[in-house]
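Fold and geometry: a report
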Amino acid sequence: QLQACGGGLAQAGGSLRLSCAASGRTFSWYVMGWFRQAPGKEREFVAAINWSGGTTHYADSVKGRFTISRDNAKNTVYLQMNSLKPEDTAVYYCAADQTVVLRTSTSPYDYWGQGTLVTVSS
C-alpha cells in the first residue's frame, strides 16, 4: 500500500528526491515518516510529518539537509535530500502511523513501504 521510489546513486554533496505513493487507502490523516537502514545497522528514524504538513521532525543527522513534505491530494509523501554524505547510504523506508503524534521509533508505524536504496559515493 506504500510504494517508495527515487533512490539511486549520488555523489557526496548531491541531491535525491524520494517519493512514497499510497494506494488502497487514503493516508491523508496519518503521520508519515521516513526511516533508513544501513547494512548491519538497525532501522533508524529520519523524518516525520503530520497530516497537514504543518509540523515536521527530523533526526539530528539530517536536519538542515533533508526536507519532508506531503501532497495529500496525490496521497504522496516526499523526502528531498540535499548535501548528501556517504553515511546517508541506506535503504530508505516510508511508513504511516494512524496516530497524530510524530514519533521516532518504528513500532508505532502501522504500514511500511518496501524500501528504496540510496547510495552516496565519496
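Here, the structure is the one placed above.
This report concerns the structure included in the present document. For clarity, every value in this text was computed on a predicted model and none was experimentally measured. By convention here, each chain's residues receive numbers from 1 onward along its written sequence. At least 70 in pLDDT is required for a residue's local features to be given in this predicted model, at least 80 for side-chain atom pairs to be given and counted, and no such filter applies to totals for whole chains, interfaces and linings, which use all residues. Values shown for side chains rest on all heavy atoms present in the structure; no hydrogens or waters enter the calculation.

1. Side note on the overall build of the protein chain
So the rule is basically this: To qualify as a helix, a DSSP run of H or I must reach at least 4 residues; to qualify as a strand, a run of E must reach at least 2; elements of each kind are numbered from the N terminus. For the radius of gyration, the atom set is restricted to C-alpha positions; the globular benchmark scales as 2.2 Å times the number of residues to the power 0.38. The buried label applies to any residue whose accessible area, calculated with a 1.4 Å probe on protein chains only, is under 20% of its type's maximum; exposed applies above 50%, and partly exposed to all values in between. Pairs of residues are marked as contacts when any of their non-hydrogen atoms sit within 4.5 Å. Counting rule applied: Lys, Arg positive; Asp, Glu negative; His and chain ends not counted. Every charge is mapped onto a representative atom, which is NZ of Lys, CZ of Arg, CG of Asp or CD of Glu.
Each helix and strand counted, the protein chain has zero helices and 11 strands in total. Along the protein chain, helices (α) and strands (β) appear in the sequence β-β-β-β-β-β-β-β-β-β-β when read from the amino end. Here the C-alpha atoms of the protein chain give a radius of gyration of 13 Å, agreeing with the 14 Å that 2.2 N^0.38 yields for 122 residues. The C-alpha extent of the protein chain, read off along each of the three principal axes, is 40 × 25 × 25 Å. Every one of the 122 residues in the protein chain was classed for burial, and the buried ones make up 44%. Residue pairs at least 24 apart in sequence account for 58% of intrachain contacts in the protein chain once pairs closer than 6 positions are excluded. The protein chain carries 11 positive and 8 negative side-chain charges, and their two centres are separated by 4 Å.

2. Things to note about the sheet that holds strand β3 (residues 16-22)
Note the threshold: In this analysis, strands are considered paired if DSSP registers two or more bridges between them. To get an axis, fit a line to the C-alpha atoms, keeping to the stretch in contact for a helix; angles then go from 0 to 180 degrees between the N-to-C directions.
Reading across from one edge, β1-β3-β8-β7 is the order of the four strands in this open sheet, with antiparallel pairing throughout. Single-partner strands in this sheet number two, and they are β1 (2-5) and β7 (66-71). The sheet shows a mean angle of 15 degrees between the axes of neighbouring strands, taken without regard to direction.

3. Considerations on the packing of aromatic side chains
Heads up, the condition is: In summary, the pairing rule links any two rings of Phe, Tyr or Trp, Trp by its six-membered ring, whose centres are within 6.5 Å, and it sorts them by plane angle into stacked for under 30 degrees, edge-to-face for over 60 and tilted for everything else. Look at NZ for Lys and CZ for Arg. If either is within 6 Å of the ring centre and within 35 degrees of the ring normal, a charge sits over the ring.
Under the counting rule described, the total for this entry stands at eight aromatic pairs. Ring geometry for Phe 35 and Phe 45: centres 5.7 Å apart, planes at 75 degrees, overall edge-to-face. Remark: Phe 45 occurs in strand β5 (residues 44-49) and Phe 35 occurs in strand β4 (residues 31-37); sequence separation between them is 10 residues. Cluster of aromatic residues (ring-pair linked, three or more members): Phe 35, Phe 45, Tyr 109 and Trp 112. Its guanidinium or amino end placed over the ring of Tyr 78, Arg 17 lies 4.0 Å from that ring's centre, counting from NZ or CZ.

4. Focus on the environment of Ser 28
As a reminder, the rule being used: Any N or O atom pair separated by 3.5 Å or less is treated as a polar contact, with the protein-specific requirement of one donor-capable and one acceptor-capable atom, and with residues adjacent in sequence counted only for side-chain atom pairs.
Within the secondary structure, Ser 28 is located in the loop between β3 and β4. Using a relative accessible area of 13% as the deciding quantity, one classes Ser 28 as buried. Between the C-alpha atoms of Ser 28 and Asp 71, which are 43 residues apart in sequence, the distance is 8.5 Å. Contact partners of Ser 28, with chain neighbours within four places excluded, come to Trp 51, Arg 70, Asn 72 and Asn 75. Side-chain polar atoms of Ser 28 contact the side chain of Thr 26, separated by 2.9 Å.

5. Looking at the environment of Met 81
Residue position: Met 81 is located in strand β8 (residues 76-81). Residue classification places Met 81 among the buried positions, given a relative accessible area of 0%. Distance in space between the C-alpha atoms of Met 81 and Gly 13 is 9.8 Å, their sequence separation being 68 residues. Beyond its immediate chain neighbours, meaning those up to four positions away, Met 81 contacts Gly 14, Ser 15, Leu 16, Leu 18, Arg 65, Phe 66, Tyr 92 and Val 118.

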